[in-house]
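Tertiary structure, described
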Amino acid sequence: MKMSFRWYGPDDPVTLLNIRQIPGMKHIVSAVYDVPVGQVWSEESIVALQKACEEQGLIFDVVESVPVHEDIKLGLPSRDTYIENYCENIRRLGRHGIRCICYNFMPIFDWTRTDVHHKMPDGAENLIYDPQALARMDPLTGELSLPGWDSSYKKEDLKKLFEQYAAITKEDLWENLRYFLSKVIPVAEECGINMAIHPDDPPWDIFGLPRLITDEAALDRFLSLYDSPCNGLTFCTGSLGSSPQNDIPAMVEKYSAMGRIHFMHLRNVKWTQQGGFEESGHLTENGSLDMAAIIKALKKTGFTGYVRPDHGRMIWGETGKPGYGLYDRALGAMYLQGLWEATE
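Computed from a predicted structure; not experimentally measured. (Residues numbered from 1 in each chain as written. Predicted model: local features only at pLDDT ≥ 70, side-chain atom pairs only at ≥ 80, totals over all residues. Heavy atoms only, no water.)

**Brief notes about the overall build of the chain**
What the chain contains, in helices and strands, is 12 helices and 12 strands. Rg of the C-alpha trace for the chain: 19 Å, near the compact-globule value of 20 Å for 344 residues, within the 12% margin. Looking at the chain residue by residue over its 344 residues, the buried ones come to 55%. For the chain, restricting intrachain contacts to residue pairs at least 6 apart in sequence, the fraction spanning at least 24 positions comes to 72%. For the chain, the computed accessible surface area is about 14,300 Å², with 50% contributed by carbon and sulfur atoms. Of note, the chain has its 34 positive side-chain charges centred 2 Å away from the centre of its 48 negative side-chain charges. (Helix = DSSP H or I, 4+ residues; strand = E, 2+ residues; numbered from the N terminus. Rg over C-alpha atoms; globule rule 2.2 N^0.38 Å. Buried < 20%, exposed > 50% of the residue type's maximum accessible area, 1.4 Å probe, protein only. Contact = heavy atoms within 4.5 Å. Areas by Shrake-Rupley, 256 points an atom, 1.4 Å probe, with all protein chains shown as cover. Lys, Arg positive; Asp, Glu negative; His and termini not counted. Charge placed at Lys NZ, Arg CZ, Asp CG, Glu CD.)

**Description of the pairing of strand E3 (residues 59-64)**
Within E3, 5 of the 6 residues are buried, which leaves the element mostly enclosed by the surrounding structure. Pairing of strand E2 (residues 27-30) with E3, which is carried by 4 bridges, proceeds in the parallel orientation. Opposite isoleucine 28, over in E3, you have phenylalanine 60 as the bridge partner. Between the parallel pair E2 and E3, the chain is carried across by helix H2 (residues 43-55), and the sense of this crossover is right-handed. One ladder, built from 3 bridges, connects E3 with strand E4 (residues 100-103); its direction is parallel. (Pairing = 2+ DSSP bridges. Right-handed = clockwise from strand over helix to strand, strands pointing away.)

**Examining the packing of aromatic side chains**
Under the definition given, this model contains 11 aromatic pairs. Residues tryptophan 204 and phenylalanine 277 carry aromatic rings whose centres are separated by 6.3 Å and whose planes lie at 70 degrees to one another, so their mutual orientation is edge-to-face. Taken together, the residues tryptophan 204 in the loop between strand E7 (194-197) and helix H8 (216-225) and phenylalanine 277 in strand E11 (residues 277-279) connect sequence positions 73 residues apart. Taken together, the ring pairs in this structure connect Tyr86, Tyr103, Phe105 and Phe180 into an aromatic cluster. The aromatic ring of tyrosine 179 is capped on one face by arginine 79, whose charged end is 3.6 Å from the ring centroid. Directly above the aromatic system of tyrosine 8 lies the positively charged group of lysine 321, at a separation of 4.5 Å from the ring centroid. (Phe/Tyr/Trp six-rings, centres within 6.5 Å; stacked < 30°, edge-to-face > 60°. Lys NZ or Arg CZ within 6 Å of the ring centre and 35° of its normal.)

**Observations regarding the layout of surface pockets**
Rolled over the atoms, a probe as big as a water molecule pinpoints where empty space is left. Of the voids in this model, the second largest pocket is the one considered here, and its volume is about 170 Å³. Lining the second largest pocket are 14 residues; nearest its centre among them are Asn194, Ile261, His262, Thr304 and Gly305. (1 Å grid on protein atoms, 1.4 Å probe; cavity = no way out; pocket = protein on both sides within 12 Å on 5 of 7 lines; lining within 4 Å. Points joined across faces, edges and corners; volume = space filled by probe spheres on them.)

**Digging into the environment of aspartate 34**
Within the fold, aspartate 34 resides in the loop between E2 and H2. Taking the relative accessible area as the measure of exposure, aspartate 34 reaches 64% and is therefore exposed. For the pair aspartate 34 and serine 45, spaced 11 residues apart in sequence, the C-alpha separation works out to 9.4 Å.

**Regarding the environment of glutamate 88**
In this fold, glutamate 88 is placed in helix H4 (residues 79-95). The spatial distance from the C-alpha of glutamate 88 to the C-alpha of aspartate 138 is 36 Å, given a sequence separation of 50 residues. Excluding residues within four positions of it along the chain, glutamate 88 makes contact with Val40 and Arg95. A polar atom in the side chain of glutamate 88 sits 2.9 Å from the side chain of arginine 92. (Polar contact = N/O pair within 3.5 Å; in protein donor to acceptor, adjacent residues only side chain to side chain.)

What follows is the structure, encoded as structure tokens:
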């Protein structure tokens, strides 16, 4: 497996110098963050990220993510323009050594939590999802704000998007995803890039918006939309593992054996009695997922793709982007590498 670490660019308080000091860390996951969704990234911006990583002895070869414009998800007439821009980004990234692109097809919102500064008994902070708290929130009134999407849309834009999504069905969304794949996967094949869709987080409908990539049946359906080795998964154990109905080790073994997992996001979650979850430390005993069994499934199937320690707690007084501090993700990387090394 190829151990990687997400880096949010020059403004990230976690520096490349910090990251290179984590034993076994070789690959960087990043993106161009200052270009509006749907527009083409400049080659200069891509090269700047690449050179910054090279100067620290690291390899920038995974992008997370190239966002999919809402017009594509909605199937609007303007989607072809945005899809062509997306394809051009794939071509440019391929020219500069990118081998994997993570993306998602979640309507409007990315990952959703109800508290990103939840105090744990040991003094650490973690991210939690409480369905009762979510039921009291209304994104249209500004009562819910999360890193990554809180500044993406103005309230009037959100209202229009909600109205547009109310007019399409879940089957419409599946068809719009199929259309998107039919255009971008051939380009990815030409460029030697693996496209890796991220599951919906959490893996169920929220705020009346449909979610597609939620369970084994959905993953099977997704992979059948365009049968290509380049059409694969970012298998996020924390996202899919938020639902107790998903057998994560078995699913990892199945899709890794098929060669369709291109990127693993590895983290643990702890299910709550209220039907929600909280993000725990990476260790198996800290949460509800068997992390050792997950690593064994990857090792058994000869997995050679990218992995990264996903969301970490804020520990030891660290502050920064919730879920993306240095210390706990570094601990997670070491734990995961230890499991890998010890697994026969």
